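Coordinate inspection notes
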Amino acid sequence: QVQLVQSGAEVKKPGASVKVSCKAAGYIFTGYYVHWVRQAPGQGLEWMGWINPNSGGTNSAQNFQGRVTMTRDTSISTAYMELSSLRSDDAAVYYCARDKEGSGYPAYNFDYWGQGTLVTVSS
Amino acid sequence: DIVMTQSPDSLAVSLGERATINCKSSQSVLYRSNNKNYLAWYQQKLGQPPKMLIYWASTRESGVPDRFSGSGSGTDFTLTISSLQAEDVAVYYCQQYYSTPPSFGQGTKLEIK
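A brief structural summary. (Residues numbered from 1 in each chain as written. Chains lettered and ligands numbered in written order. Predicted model: local features only at pLDDT ≥ 70, side-chain atom pairs only at ≥ 80, totals over all residues. Heavy atoms only, no water.)

1. Some details on the overall build of chain B
A count of helices and strands for chain B gives 0 helices and 13 strands. The N-to-C order of helical and strand elements in chain B reads β-β-β-β-β-β-β-β-β-β-β-β-β. Its C-alpha atoms give chain B a radius of gyration of 13 Å, within 12% of the compact-globule value 13 Å for 113 residues. Residue burial in chain B is summarised as follows: out of 113 residues, 46% are buried. Sequence-distant contacts, at least 24 apart, represent 55% of the contacts inside chain B between residues at least 6 apart. Of the roughly 5300 Å² of accessible surface on chain B, 45% is carried by carbon and sulfur atoms. (Helix = DSSP H or I, 4+ residues; strand = E, 2+ residues; numbered from the N terminus. Rg over C-alpha atoms; globule rule 2.2 N^0.38 Å. Buried < 20%, exposed > 50% of the residue type's maximum accessible area, 1.4 Å probe, protein only. Contact = heavy atoms within 4.5 Å. Areas by Shrake-Rupley, 256 points an atom, 1.4 Å probe, with all protein chains shown as cover.)

Here it is, written out as structure tokens:
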């Protein structure tokens, strides 16, 4: 069955970077875009960007451009999201999610999600 | 960017009764060339990631019980739970994928009355 398993919780200081991993299983990793979505405590969902695991191409939301880096390692079916220059308002649960369409273009809807990674930003 | 607005923010419904959640987009999410509404619904239970329920506004995701249904077109959409079960307690989100960035509603918290 399809699974996305994320790395564990992180505590970071303001100004630092955090890198979250998302290991895919149960499907062909290079066949589906992987998105990153975050959720601040008690808040709604905010799309951050996607990576095409096949080509390595990425696209990020304007709010995160210059601060987010998405990469992948196809040999271990894992996607990564690194967010730099962390601020207190970056404290959130970060999710990876699989794009529903297995075509050459992202559909921007999400059929499988990782369990989430809590990132705490505190001095 | 398209803004998604849900109503109500919270809702309490008796077991076995109907629950209705509304979602309005700031511009149409109907793509006329294929007559599809680029609208999805998700359910998020406490401490869990979201789960896709509905896509194309009315197509139920595999494995989703048929008491969940989606309707609407253009800018106005509805998620209906025909007979509320205890396990349906959750926050529900609508999401448009018509244009980037994809955007979510603020969520509707559904509880048992």
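2. Some remarks on the pairing of strand β8 (residues 78-83) of chain A
Residue and element names in this part refer to chain A. Burial runs high along β8: 5 of the 6 residues are buried. As judged from the 6 bridges shared by strand β3 (residues 18-25) and β8, these two strands associate in the antiparallel manner. Directly across from Val20, in β8, lies its bridge partner Met81. Here strand β7 (residues 68-73) runs beside β8; their pairing, made up of 6 bridges, is antiparallel. What sits directly across from Met70, in β8, is Met81. Hairpin connection from β7 to β8: 4 residues lie between these consecutive antiparallel strands, with Ser77 at a positive phi of about 50 degrees. (Pairing = 2+ DSSP bridges.)

3. Quick word on the state of the cysteines
Working definition: the covalent bond between the sulfur atoms of two cysteines is a disulfide. All names here are of chain A. A full pass over the atoms with the stated rule returns 2 disulfides over all chains. Paired by a disulfide, Cys22 and Cys96 hold their sulfur atoms 2.0 Å apart. Residues Cys22 and Cys96 are joined by a disulfide whose S-S torsion is about 75 degrees; by sign, that bridge is right-handed. Of this pair, Cys22 sits in strand β3 while Cys96 is found in strand β9 (residues 92-99), placing the two residues 74 residues apart along the sequence. (Disulfide = S-S within 2.5 Å.)

4. Here we look at the sheet that holds β8 of chain A
All names here are of chain A. Read from one edge of the open sheet, 4 strands run β1-β3-β8-β7, paired in antiparallel fashion. The sheet is open, and its two edges are formed by β1 (3-6) and β7, each paired on a single side. The average angle at which neighbouring strand axes cross in this sheet is 20 degrees, direction not considered. Examined bridge by bridge, β1 and β3 share 4 bridges and lie antiparallel to one another. Across the sheet, residue Gln6 finds its bridge partner in β3, namely Cys22. (Axes fitted to C-alpha atoms, helices over the stretch in contact; angles between N-to-C directions.)

5. Notes on the side chain of Glu61 of chain B
On the secondary structure map, Glu61 of chain B appears in the loop between β8 (59-60) and β9 (68-73). On the basis of relative accessibility, which here comes to 13%, the residue Glu61 of chain B falls in the buried class. When sequence neighbours within four positions are dropped, the list of residues in contact with Glu61 of chain B reads Lys100 and Asp111 of chain A together with Met52, Leu53 and Tyr55 of chain B.

6. What about the interface of chain A and chain B?
Taken residue by residue, the interface counts 16 residues in chain A and 15 residues in chain B. Each partner contributes to the roughly 1400 Å² buried at the junction of chain A and chain B, and carbon and sulfur atoms together form 65% of this total. Linking chain A to chain B there are 1 salt bridge. Counting across the chain A and chain B interface gives 7 residue pairs in polar contact (both at pLDDT 80 or more). If you list the elements that add at least two residues to the side of chain A that touches chain B, you get β4 (34-39), β5 (45-51) and β10 (110-113) of chain A. The leading source of residues in the side of chain A that touches chain B is β10 of chain A, at 3 residues. Of the residues contributing to the side of chain A that touches chain B, the split by class is 8 nonpolar, 6 polar and 2 charged. (Buried area = accessible area lost by both parts, 1.4 Å probe. Salt bridge = Lys/Arg side-chain N within 4 Å of Asp/Glu carboxyl O. Polar contact = N/O pair within 3.5 Å; in protein donor to acceptor, adjacent residues only side chain to side chain. Nonpolar A, V, L, I, M, F, W, Y, C, P; charged D, E, K, R; others polar.)

7. What to know about the nonpolar core
Of all hydrophobic cores here, the largest spans 43 residues; its most connected members are Trp36, Met81 and Leu83 of chain A. Sequence-distant contacts of Met81 of chain A, that is, excluding residues within four places in its chain, are made with Val18, Lys19, Val20, Trp36, Met48, Val68, Thr69, Met70 and Tyr94 of chain A. By size, the runner-up hydrophobic cluster in this structure holds 23 residues, among which are Ile2, Leu11, Leu84 and Cys94 of chain B. (Core = buried A, V, L, I, M, F, W, Y, C linked by side-chain atoms within 4.5 Å.)

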